[in-house]
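Residues per chain, in single letters:
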Amino acid sequence: MKADGIGARVTRKEDHRFLTGNGQYTDDITLPHQSYAAFVRSPHAHATINSIDSKAAAAMPGVLAIFTGKDIAATGIGGLPCGWLINNKDGSPMKEPPHHILAVDKARYVGDQVAIVVAETLEQARAAAEAVEVDYGVLPAVVNTATASKAKASVHDAAADNVCYVWGHGDGAAVDKALASAHKVSTLDIVNNRLIPNAIEPRAANAAYDKSSDSYTLYVANQNPHVERLLMCAFVLGIPEHKMRVVAPDVGGGFGSKIFLYAEETVLVWASKRVGRPIKWTADRMESFLSDAHGRDHVTRVQMAMDANGKFTGMKVITTANVGAYLSTFASCVPTILYATLLAGQYTTPAVYCEVAAVFTNTAPVDAYRGAGRPEATYVVERIVETAARDMGLDPAEIRRRNFITTFPYATPVGLTYDIGDYHACLEKAIKLADYAGFPARQAEAKARGKLRGIGFSSYIEACGLAPSNVAGALGARAGLFEAGEVRVHPTGKVTVFTGSHSHGQGHETTFAQVVADKLGIPMDDVDIQHGDTGKVLFGMGTYGSRSLAVGGTAIVKAVDKVIAKGKKIAAHLLEAADTDIEFKDGVFKVAGTDKNVPFANVALTAYVPHNYPLDKLEPGLNENAFYDPTNFTYPAGTHICEVEIDPDTGKTEIVKFTAVDDFGNIINPMIVEGQVHGGLAQGIGQALLEGCVYDAESGQLLTATYMDYAMPRADDLPNFTVDTHVTPCTHNPLGVKGCGEAGAIGSPAALMNAITNAVGARDIAMPATPERVWRAIQANA
Amino acid sequence: MTVNVTMKVNGKSVTADVAASTTLVEFIREHLRLTGTHVGCNTAQCGACTVHVNGRAVKSCNMLAAQAAGAEVTTIEGLAAANGDMHPMQAAFKEHHGLQCGFCTPGMVMSACELKGKMPNATDEQIREALDGNICRCTGYQNIVKAVKAGLAA
């Protein structure tokens, strides 16, 4: 193995700038003649906007402009689009009420943007925003997910019952038959708690219009700048796409929340031409809590049918998913396509049926958050599997062993074909690392000390590497899901790689450089990775769904292959041999079976100084593009085992050991992969133990809108994790990789809640399992 | 109302007339254009804005620039040696993958450096407790703890 090549634990190229304060995040960029924006936001969850009086505000010092929703609507601007069409069970399309970039006539959640104030300084903008007088007519708010469809009020007139769609997936009749003829049916009612993503860098944007070129530049904290540009130009503002450059510079964490096209940056771009100045806006933390797209928020009943041996014969899942006040960019596909298709889990369950009702409420839009649909699916599957084991009196490991899929490829009853995996191997490795055999003794020892010990499993699967465009299109996607890459070899043999993936913590500048350096046989320091700028990168669909390496990395590998293929032709000419006789290995082109060779850098130089060059047959230069559209999803899978100890007097849960064994396929940089797993686990454990978004049930006020009210996992809330991998290489991409960014967040909540319910002896405890909830469950059992 | 503030930042004397309401982090970021210090919450809960004021780790969003008048302030930009070599704590964060997106990192490193003076032999548990005022959303903290331990020992 090359010291800095594929598989090496290389420290990160990007770290020096981050560690020395030289990172450049959106808010760090200040443009000449910079102006600043503040948004007037609705203080009510649901209210008519009767009038807006901005005269006094407009007269305040430094104020450059104030715009309302009516000002924008008057210029013919429509609303933000939803990127995925979901049809109802009867084939009719989902309801897509307009999502104005500034509210017109009605505000639909606390924090809904009502007006924008642009001023010379941020302080002036904020002061004037406070002085804008809005006359609201407060309406009853729809807040509760489970009861939204029965609420008296309607969030949108176009969806009087607040139902966006009711979607079904799978063979309902087969499942009903399995339930009717089962030896036993386990049933569980569970809630997947609503989360607020909380990237530590708040959302930010800085939009500038250039008169001389009649074009725009938008700096924005975003995970997919080309998608942002396409959606904003083509679907909202009507700006020609080639007249807009979107730069997503260093981005301080995304976790899904920076995928979407938001109203704020769209308004900024619109206003930048009218104001004639660059306009910067950076969310303060409360704005982030109020207006970043939230995650999860499902209410589910799941039933599992089993035969006498604990073999699963059918599973039925009925879910209500809250999409919030408006459909955010990918809101519609998260609780459907990214959810129901994963409900087979790692098991041979022959029939699965899922029905999802998506409801509008007077809360912030809900969209993808780390895992996006797959954590919700895993939570359903792994909680009911563990419950089924308890109902059947089976060991939780044993019920999994009896039901694991063992032959591949495997077509599930919910539409996916798993290409490869070894679920037994991950489970057995995790069991060993967790010392499952020693658990009864540890439990007895804890009991002697008056403590409750529990252990829980979660054998998750996810579909990553999003996505085969034709499959996604058939399922309602309104975009392709390929990725693009460009490998630009410079005359000196140094290489700049342009990728449509975007790194906001994942370390692509390192991982992708390792791949390219390995393939080209050159030092990693000779390779630079560029991303996040539509002015530099040819195209891209961005980073989410653990797709960057499997899809973006593959595009780069395809471009490298083209570079090598062309290099062989140049080398053949230089070495006076046939193209087909040239081999490329360790950075050297060689005539097979001889010692005649020419190094990569010489070939690069020849390509740009083509004095001795087959100009009649070959263009000069060494610069190749590739677009890669995957043929299947990738299927990372693994087993997480969590062991907890609970103090029955306080209900406080301590995680004494958390073990994760994951199969991500081949691994490029184990250090980075472990870091991704740790971070995912922290978010999953955060969901299960600490985090929960709470809206007041009557008023729709967000009660968890600061770090004093929303419990973020801190260093002393988390244990050290025991992580390991088992590798089955993905069969359909050249690197054999599957993706690792979301697994931790997907697998861990179920493992933790299975452990807590095991310790307490409860059927269910709602997440987050706060000491109060756990204590109450212990009292109920006593 | 404006006030004149003079302080030493990263060894250099700086002076400016600023609005009395200017926080130290605004002064550092907007007036001095030292953008390595970040704002994550503006309410002293996330720690991204941590700098040293007279050797103490301080959340600079929660202190007025005027309150730091006359003080010696060190920001993340002031840690590395003049020749560009990283401070041992910075080097330890790189070596142990103690950062991902890098946004909380400057504050995290400044808090860790303060710990070096206070508790050079801190255990994992003490490090976790000491970092309670710095939120990281990316790493799950395990590698941060590893890095801080190594940085304390370096």
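Residues numbered from 1 in each chain as written. Chains lettered and ligands numbered in written order. Predicted model: local features only at pLDDT ≥ 70, side-chain atom pairs only at ≥ 80, totals over all residues.

Thoughts on the domain arrangement of chain B
Residues and elements named next belong to chain B.
Then, number 1: What the domain assignment reports for chain B is domain 1 (2-78) and domain 2 (88-153).
Then, number 2: A straight line from the C-alpha centre of domain 1 to that of domain 2 covers 21 Å.
Then, number 3: Residue-level contacts link 14 residues of domain 1 with eleven residues of domain 2.
Then, number 4: Looking at the side of domain 1 that touches domain 2, the elements with two or more residues in it are strand E3 (50-53) and strand E4 (56-59).
Then, number 5: Counting residues per element, the side of domain 1 that touches domain 2 draws most heavily on E3, at three residues.
Then, number 6: Its residues placed into classes, the side of domain 1 that touches domain 2 shows six nonpolar, seven polar and one charged. (Domains from an automatic or database assignment. Contact = placed C-beta atoms within 7 Å. Helix = DSSP H or I, 4+ residues; strand = E, 2+ residues; numbered from the N terminus. Nonpolar A, V, L, I, M, F, W, Y, C, P; charged D, E, K, R; others polar.)

A closer look at the domain arrangement of chain A
Residue and element names in this part refer to chain A.
Then, number 1: Domain assignment breaks chain A into domain 1 (31-139 + 201-252 + 258-291), domain 2 (298-467 + 632-781) and domain 3 (482-628).
Then, number 2: Between domain 2 and domain 3, the C-alpha centre-to-centre distance is 40 Å.
Then, number 3: Listed per partner, the contact involves 21 residues of domain 2 and 16 residues of domain 3.
Then, number 4: Classifying every residue of the side of domain 2 that touches domain 3 gives twelve nonpolar, seven polar and two charged.

Some remarks on unusual backbone geometry
Then, number 1: Residue Phe408 of chain A is joined to Pro409 of chain A through a cis peptide bond whose omega torsion reads -5 degrees.
Then, number 2: Backbone torsion omega between Leu466 of chain A and Ala467 of chain A reads -10 degrees, so that peptide bond is classified as cis.
Then, number 3: In this fold, Ala467 of chain A is placed in the loop between strand E18 (452-461) and helix H13 (469-474).
Then, number 4: In this model, Asp214 of chain A sits at a positive phi of 50 degrees, which is unusual for a non-glycine residue.
Then, number 5: Tracing the backbone through its elements, the reader meets Asp214 of chain A in the loop between strand E9 (204-210) and strand E10 (215-220).
Then, number 6: Its 11 C-beta neighbours within 10 Å are what place Asp214 of chain A among the exposed residues.
Then, number 7: Positioned with a positive phi, Ala44 of chain B is a non-glycine residue whose angle comes to about 65 degrees.
Then, number 8: Tracing the backbone through its elements, the reader meets Ala44 of chain B in the loop between helix H1 (24-31) and E3.
Then, number 9: For Ala44 of chain B, a count of 16 C-beta atoms within 10 Å puts it in the partly exposed group. (Buried ≥ 20, exposed ≤ 12 C-beta atoms within 10 Å, placed from the backbone.)

Focus on the nonpolar core
All names here are of chain A.
Then, number 1: Counting 306 residues, the largest nonpolar core has Ala37, Val117, Leu343, Val516 and Ile756 as the members making the most contacts within it.
Then, number 2: Among the elements that line this core, the one with the most residues is helix H15 (residues 548-575), at twelve residues.
Then, number 3: If we skip the residues at most four places from it in the chain, Ile756 touches Gly454, Val644, Ile646, Thr653, Ile765, Ala769 and Val774. (Core = buried A, V, L, I, M, F, W, Y, C linked by C-beta atoms within 7 Å.)

Description of the packing of helix H2 (residues 88-95) of chain B against helix H3 (residues 105-118) of chain B
Residues and elements named next belong to chain B.
Then, number 1: Close contact between H2 and H3 brings their axes to 10 Å; oriented N to C, the two are set at 125 degrees. By the angle class used here, H2 and H3 are oblique. Relative to H3, the crossing made by H2 is right-handed. For the pair H2 and H3, contact is made by Met89, Gln90 and Phe93 and by Thr105, Val109, Ala112, Cys113 and Lys116, respectively.
Then, number 2: A class-by-class count of the residues in the contact of H2 with H3 yields five nonpolar, two polar and one charged. (Axes fitted to C-alpha atoms, helices over the stretch in contact; angles between N-to-C directions. Parallel < 35°, antiparallel > 145°, perpendicular 65-115°, else oblique. Left-handed = near helix turned anticlockwise from the far one by under 90°.)

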